[in-house]
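# Structural overview for review
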Amino acid sequence: MKIATNKLSDLYEFYKTELVSIYDNDELYAIFELVCEHYLGYSKTDTRLNFNGNLNQSDVLKIYDTGKALKTGAPIQYIVGEADFYNLKFNVNSSTLIPRPETEELVDLIIKQFKQEARNNQTLNILDIGTGSGCISITLKKNIPNSKVAGIDISEQALEVAKSNAIKNNVDIEFIKLDILSQLITHNSTFNTIVSNPPYVLNSEAKQMDSRVLEHEPHLALFVEDTDPIIFYKRIIDLCAKYLEERGYLFFELNPIYANDVKKYANDSKIFNFTEIMQDMSGKERFLKAQRK
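These lines cover the structure that appears in this document, whether it is placed above or below. Values in this document were obtained by computation on a predicted structure and should not be read as measured data.

This part is about the packing of helix α6 (residues 101-116) against helix α7 (residues 135-143). One way to put it is that α6 packs onto α7 with a least axis distance of 10 Å and a crossing angle of 35°. For the crossing formed where α6 meets α7, the hand is right-handed. For the pair α6 and α7, the contacting residues are Thr103, Leu106, Val107, Ile110 and Ile111 in the first and Ile136, Thr139, Leu140 and Asn143 in the second. For the contact of α6 with α7, the class distribution of residues is six nonpolar, three polar and no charged.

Counted at 1.5 Å a residue, the expected span for helix α11 (residues 231-243) with its 13 residues is 18 Å, and the 18 Å between its end C-alpha atoms agrees. Of all the positions in α11, only Phe232, Tyr233, Ile236, Ile237, Leu239, Cys240 and Tyr243 are classed as buried. An end-on view of α11 places all buried positions within 165° of arc, on one side of the element.

The next point concerns the pairing of strand β11 (residues 285-292). Extensive coverage of β11 is indicated by the burial of seven of its eight residues. In this sheet, β11 lies alongside strand β9 (residues 244-253) in antiparallel orientation, the contact comprising five bridges. Each bridged residue has a counterpart across the sheet, and for Glu253 the counterpart in β11 is Phe287. Two elements, strand β10 (residues 272-279) and β11, share seven bridges in a ladder whose sense is antiparallel. Note that in β11 the partner of Glu276 across the bridge is Lys289. Hairpin connection, β10 to β11: the antiparallel pair is bridged by five residues, and Gly283 has positive phi, about 85°.

Reading guide: rules and limits
- Residues numbered from 1 in each chain as written.
- Predicted model: local features only at pLDDT ≥ 70, side-chain atom pairs only at ≥ 80, totals over all residues.
- Heavy atoms only, no water.
- Axes fitted to C-alpha atoms, helices over the stretch in contact; angles between N-to-C directions.
- Helix = DSSP H or I, 4+ residues; strand = E, 2+ residues; numbered from the N terminus.
- Left-handed = near helix turned anticlockwise from the far one by under 90°.
- Contact = heavy atoms within 4.5 Å.
- Nonpolar A, V, L, I, M, F, W, Y, C, P; charged D, E, K, R; others polar.
- Expected span 1.5 Å × (residues − 1).
- Buried < 20%, exposed > 50% of the residue type's maximum accessible area, 1.4 Å probe, protein only.
- Arc of directions from axis to C-beta.
- Pairing = 2+ DSSP bridges.

Below you can see the structure in the form of structure tokens.
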């Protein structure tokens, strides 16, 4: 399909025509706003105000080519190489998961916990297990400046993205390549806070997933064997006995199906004062908070 004119409105009509079978209208317009922000520097208001304005040919081609790429099912974040998370920008590619709103909620829980306890003069020592793009560790460091943060991941490619994001957001993070299931943490210190959003989607759930996720995002960061769906949670809870400080906090993002199993394992470990399951904005049992005795 050819674009009738260089107007932004005609480019949007092109998107609607090409992508109607993939996205609903609301999702498509949100993607179009993101495209306009990335290539034109437009805010959402700018996009509306300039909807009938003409673009130069170079910008038209960029937006056109992005529309064609979207038709393949590739997520917009991978096409533009960037994703928003907690008011920050993060580089992303197929080696890292695209940051989710639920993970923003997890980060917000930790930031609020820190502020609630008013530990403004205390250095918070944070470990992020399964750091991926670094969105959790970097956002925590950005919002809790007097913290020391380390991020662990098994993927060298993901860690390279995480390192680029630390530079992009002007923070100092220690990144460590480690297989948490088979290797010991070699870090010299213990931690006030340990946080993890580990793989938690069952292999058997894959057939129910959006093809855009299944075909483009890294399976290593998504899936876990059906035979032991909380294997990462159990391992991290066990590690808390050695690496989480007295009265320190553990935060998890959870698969709601197994939230109570994770809580039970944490309770049975006898190393926590309390464990609490918390709901996300959709009302799903999405997070666990626990405090070390």
